[in-house]
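Coordinates in review
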Amino acid sequence: MRTTARATRSARTAGTARKNTAFAVAVLAALSLSLTACDSGSGDGKASGADQGAAGTGGAGGSSSGEKTATTPGDRGPAPRAAGDGCTLATTKITLEDTSGSAPLVLLKITNNGGTACSLLGAPVVSDPTTGKDLPTAENTRPQSVVRVGPARSAYAAINLAGMDAVKTHRAKTLGITLTAKNAKNAENGKTGKGTDGPVTVKSPGAAGLLLNADSHVTYWQNTLEDALS
């Protein structure tokens, strides 16, 4: 009887041990599968991140490869004018022209004979040799920007004359015209700065001369003939 009991206990013990071993093996297998899945997911994430990094690096490389990109004129902003580009008497021609209109006006026309564009600053200084005075400038004709004159192009200013019924009039067959120059040289100190260039003498378009009085005045330089006459 004792032998049978011992044999029974031994058999139970062996069965229990086998069950425990099988359970442990199953647990280890499950853990192994779980770790494998995690490693796989981690590897995919790293690969994806690397791919993204490579794409980002490629984008940056594209922008730093020296390729030129198109820009609009607004991006570049206004082109700076070269210093000393004011129109001068040496590269321009100034004439007086009849408007052939009913209004008592005469046009002062300046043509750029140089090879590059130049700037007309302010208004022309118009001197009347008969009175020895300069005509006043009509301040309400000041343009919104500096007048630029391209090669072989012209700009204009208008001189308001006296009407036939005006009083205290006189006639002038010539006028003296002086330009405002950006880089004029001062004869006294030799320094260069804003000054004048002139005068140059221009002839009246008519033999009788220009009818002037105290109300006669000159406009600022304008880009077009129409602006000067308006």
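Every value quoted in this text rests on a predicted model; they were computed, and no experiment measured them.

Structural notes on the overall build of the chain
Regarding its fold elements, the chain presents three helices and 12 strands. Across the 230 residues in the chain, those meeting the buried criterion constitute 26%. For the chain, contacts bridging at least 24 residues in sequence account for 75% of all contacts bridging at least 6. Summing over all exposed atoms, the chain offers an accessible surface of approximately 15,200 Å²; the carbon and sulfur share of this is 55%.

Comments concerning the pattern of salt bridges
Under the criterion given, the structure shown has three salt bridges. One salt bridge in this structure joins glutamate 97 and lysine 109, with 3.7 Å as the shortest N-O distance. Placement of glutamate 97 in strand 1 (residues 92-98) and of lysine 109 in strand 2 (residues 105-112) is noted, with a sequence separation of 12 residues between them. Residue class for glutamate 97 comes out partly exposed when judged on its relative accessible area of 29%. When its relative accessible area of 21% is taken as the criterion, lysine 109 is described as partly exposed. Measuring nitrogen to oxygen at the nearest pair gives 3.0 Å for the salt bridge that ties glutamate 139 to arginine 142. Judged by relative accessible area, glutamate 139 falls into the partly exposed class, the value being 47%.

Criteria and cut-off values
Residues numbered from 1 in each chain as written. Predicted model: local features only at pLDDT ≥ 70, side-chain atom pairs only at ≥ 80, totals over all residues. Heavy atoms only, no water. Helix = DSSP H or I, 4+ residues; strand = E, 2+ residues; numbered from the N terminus. Buried < 20%, exposed > 50% of the residue type's maximum accessible area, 1.4 Å probe, protein only. Contact = heavy atoms within 4.5 Å. Areas by Shrake-Rupley, 256 points an atom, 1.4 Å probe, with all protein chains shown as cover. Salt bridge = Lys/Arg side-chain N within 4 Å of Asp/Glu carboxyl O.

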